[in-house]
Amino acid sequence: MEEIEKARSEPEIILKLEHITKEFPGVKALNDVCFDLRRGEIHALVGENGAGKSTLLKILSGVHLTYEGNIILEGKTVRFKNPIDAQEQGICMEYQEKTSFPNLTVGENICIGHWDKYRKGGLKGLVSWRGIHKEARRIISELKFDINTHDRMCDITPEKQQIVQIAHAIAIEGKILILDEPTAAISYSEVDNLFAILNMLKEQGYSIIYVSHHLKEIFRISDRMTILKDGCTVGTYNTAEMDENRVTELMVGRKIERSARIGIELPDENVFEIQNITTKDGLLKNISLRVRKGEIVGVAGLLGSGKELLYRAVCGMSPLGSGQMTLEGKPYVPRSPKRAIAAGITALPAERSIEGLILKQSIGFNITLSSYSKFSRGSVMSAKKQNDLALSSAQNVHLKYAALSDPVNSLSGGNQQRVMIGRAFSTDAKLIIFNEPTQGVDVGAKWEIHKLIQSYAADGGAVLMVSSELPELLTNCDRILVMANGEINAEFAIADATEELLLKYMIG
């Protein structure tokens, strides 16, 4: 009798992965990984880039078909034939890179792939568009959101696009929803809305696997977490019994030292200065700032605050209306990113896969892309000099790679970021603008990237760090500027700054 009562009280396991091992040529990506998911649970999957999270999710969603071990779904051992097969059995994967169709409507995106449910008059090949939008509205209403199902996906906000992705999973009657970095493109306030929806789905019995590099999110939303390291399972833990320091240590295998820059003496020597600039469109207004030699100046702000526009204005992507900039005391007029680099200002964009890297080109090509003058004369290029520069830059940023000839998209997110940093360093820049320098990278890679930025500043380089992550600014900057409504509305020395104070001014 006691055994029956115990069985009734134990949570139902909807999904179990037993001894999953996956090898690629020369690499064991997963080694004897075990994982289980309960019905009505939000379970975080945590680990550094390269820990094996992506490989595990691709096995679970039917992308990787060859592996050792077993997937047990609702008590039955399954082997998916492809991603559609995984979906039809109830597993819906929503990738960090959105897989929606931007030119189709919200309703079409929610119901796509299951047209047979919406046949017009039961006739094969004819779709009832009224039925599609009726079903889409029903699901959106269930999620307590207001989205016009006739709007095109490209015309709605990133937050609403994320909700549509979740609605699609509900439309295909998924039992398990996998979310990979779901908050990457949405603001603080929108995260609260998303979490409210995920908690509502959990109460309705949906099981959610949540993947994020933001540990604060993990602690807010998850019930349990499984930590991976080097393709192996470190363990599964109740989230309420863990803290960020313990999780970080388990992820990276060492203690992460967090070093604020309080007390660092800096020379009163301006490298870069902005005086009262206003852009032609009026979205930036009366911006003034300075960055000294060896100084790291942070720029904080919510989505739409103007911090992204400031980055674009400094590196020549947005035309100025009035005001002036100086670089080492000389007038600086940003007309294009190419001219900015030639003058001594290099910028790293937030979206490395869109603006920062040519993904199908080699690592060596990408890391030397901004330094052609160092290995070419006119139209004649020295392949040896280019290779030597690429090797030197890769070593400087501790890049982990197999061959410089490999495509840059073969690297993890953290190593792709190192490629961009190595490229910036190789330009001998006087000022480097880091726009979201650790977006989409894991805790260990963040620590190493921060060390590279601090080392550049220690050698006399000037840094402007634009970031949405307040802990990143608080642990790396000498001063922090806060932007709201296209203006700088506060400035703090690092000794005086706190998250609460910064947020107060960020929201105006």
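I will try to describe carefully the structure that is included in this document.

Parameters at a glance
- Residues numbered from 1 in each chain as written.
- Predicted model: local features only at pLDDT ≥ 70, side-chain atom pairs only at ≥ 80, totals over all residues.
- Heavy atoms only, no water.
- 1 Å grid on protein atoms, 1.4 Å probe; cavity = no way out; pocket = protein on both sides within 12 Å on 5 of 7 lines; lining within 4 Å.
- Points joined across faces, edges and corners; volume = space filled by probe spheres on them.
- Helix = DSSP H or I, 4+ residues; strand = E, 2+ residues; numbered from the N terminus.
- Buried < 20%, exposed > 50% of the residue type's maximum accessible area, 1.4 Å probe, protein only.
- Polar contact = N/O pair within 3.5 Å; in protein donor to acceptor, adjacent residues only side chain to side chain.
- Contact = heavy atoms within 4.5 Å.
- Axes fitted to C-alpha atoms, helices over the stretch in contact; angles between N-to-C directions.
- Parallel < 35°, antiparallel > 145°, perpendicular 65-115°, else oblique.
- Nonpolar A, V, L, I, M, F, W, Y, C, P; charged D, E, K, R; others polar.
- Salt bridge = Lys/Arg side-chain N within 4 Å of Asp/Glu carboxyl O.
- Core = buried A, V, L, I, M, F, W, Y, C linked by side-chain atoms within 4.5 Å.
- Pairing = 2+ DSSP bridges.

## Quick word on empty space enclosed by the protein
Consideration 1: The full count for this structure, using the stated rule, is 1 cavity of 30 Å³ or more.
Consideration 2: Sorting the residues of the lining of the largest cavity by element identifies helix H6 (158-171) and strand E7 (176-180) as the ones contributing at least two each.

## Details of the side chain of Thr427
Consideration 1: Looking at where Thr427 falls in the secondary structure, it is placed in the loop between helix H15 (413-426) and strand E19 (431-435).
Consideration 2: The class of Thr427 is buried, set by a relative accessible area of 16%.
Consideration 3: A polar side-chain atom of Thr427 sits 2.9 Å from a polar atom in the side chain of Thr346.
Consideration 4: Ignoring any residue separated from it by four or fewer positions in sequence, one finds Thr427 in contact with Ile341, Thr346, Ser370 and Ser371.

## Side note on unusual backbone geometry
Consideration 1: Positive phi, normally seen in glycine, also occurs at His19, with a value near 50 degrees.
Consideration 2: Classification of His19 as partly exposed rests on a relative accessible area of 47%.
Consideration 3: Not every positive phi belongs to a glycine, and Asn286 is a case in point at roughly 50 degrees.
Consideration 4: With a relative accessible area of 53%, Asn286 lands in the exposed category.

## Considerations on the packing of H15 against helix H16 (residues 443-458)
Consideration 1: It is the contact of H15 with H16, at a shortest axis distance of 10 Å, that shows an interaxial angle of 10 degrees. One element, H15, and the other, H16, form an angle in the roughly parallel class. Residues Gly414, Gln417, Arg418, Ile421 and Phe425 of H15 form the contact with H16, whose own contacting residues are Ala445, Glu448, Ile449, Leu452 and Tyr456.
Consideration 2: Class assignment for the residues of the contact of H15 with H16 results in 6 nonpolar, 2 polar and 2 charged.

## Observations concerning the pattern of salt bridges
Consideration 1: Using the criterion set out here, one finds 23 salt bridges in the structure.
Consideration 2: A salt bridge links Glu41 to Arg224; its shortest N-O distance comes to 2.5 Å. Here Glu41 is found in the loop between strand E2 (27-38) and strand E3 (42-46), whereas its partner Arg224 is found in strand E9 (residues 224-229), with 183 residues between them in sequence. There is no split in this pair, since Glu41 and Arg224 are both buried.
Consideration 3: One network of salt bridges, in which partners are shared, links Glu12, Arg39, Glu74 and Lys175.

## Some points on the layout of surface pockets
Consideration 1: There is about 360 Å³ of room inside the second largest pocket.
Consideration 2: Along its surface, the second largest pocket is lined by 21 residues, and Pro337, Ala347, Pro349, Glu355 and Arg423 are the ones closest to its centre.
Consideration 3: Those elements that place two or more of their residues in the lining of the second largest pocket are helix H11 (337-343), strand E16 (345-348), helix H12 (352-356) and H15.
Consideration 4: Its residues assigned to classes, the lining of the second largest pocket shows 15 nonpolar, 3 polar and 3 charged.

## Examining the nonpolar core
Consideration 1: Of all hydrophobic cores here, the largest spans 48 residues; its most connected members are Val46, Ile110, Leu143, Ile166, Leu198 and Leu201.
Consideration 2: Not counting the four nearest positions on each side in its chain, Val46 is found in contact with Lys53, Leu215, Ile218, Met225, Thr226, Ile227, Leu228, Val247 and Met251.
Consideration 3: If you look at the next biggest cluster of nonpolar residues, it comprises 41 residues, including Ile367, Val441, Tyr456 and Ala497.

## Quick notes on the sheet that holds strand E15 (residues 330-332)
Consideration 1: Strand order in this open sheet of 4 strands is E12-E11-E14-E15, and the pairing throughout is antiparallel. Both outer strands of the open sheet, strand E12 (287-292) and E15, are each paired with one neighbouring strand and no more. Each neighbouring strand pair of the sheet contributes to a mean axis angle of 20 degrees, computed without reference to strand direction.
Consideration 2: In the sheet, strand E11 (residues 270-279) pairs with strand E14 (residues 320-327) via 6 bridges, with the strands oriented antiparallel. Bridging across to E14, Glu273 finds its partner in Thr326.

## A closer look at the sheet that holds strand E5 (residues 76-78)
Consideration 1: On the basis of which strands lie adjacent, the open sheet formed by 4 strands has the order E2-E1-E4-E5 and antiparallel pairing. Both outer strands of the open sheet, E2 and E5, are each paired with one neighbouring strand and no more. Averaged over all neighbouring strand pairs, the angle between strand axes comes to 25 degrees, with direction disregarded.
Consideration 2: Direction of pairing for strand E1 (residues 13-24) relative to E2: antiparallel, over a ladder of 8 bridges. What sits directly across from Lys16, in E2, is Asp36.
Consideration 3: On the sheet, helix H2 (residues 53-60) packs against E1, E2 and strand E4 (68-73) and is oriented at approximately 120 degrees with respect to E1.

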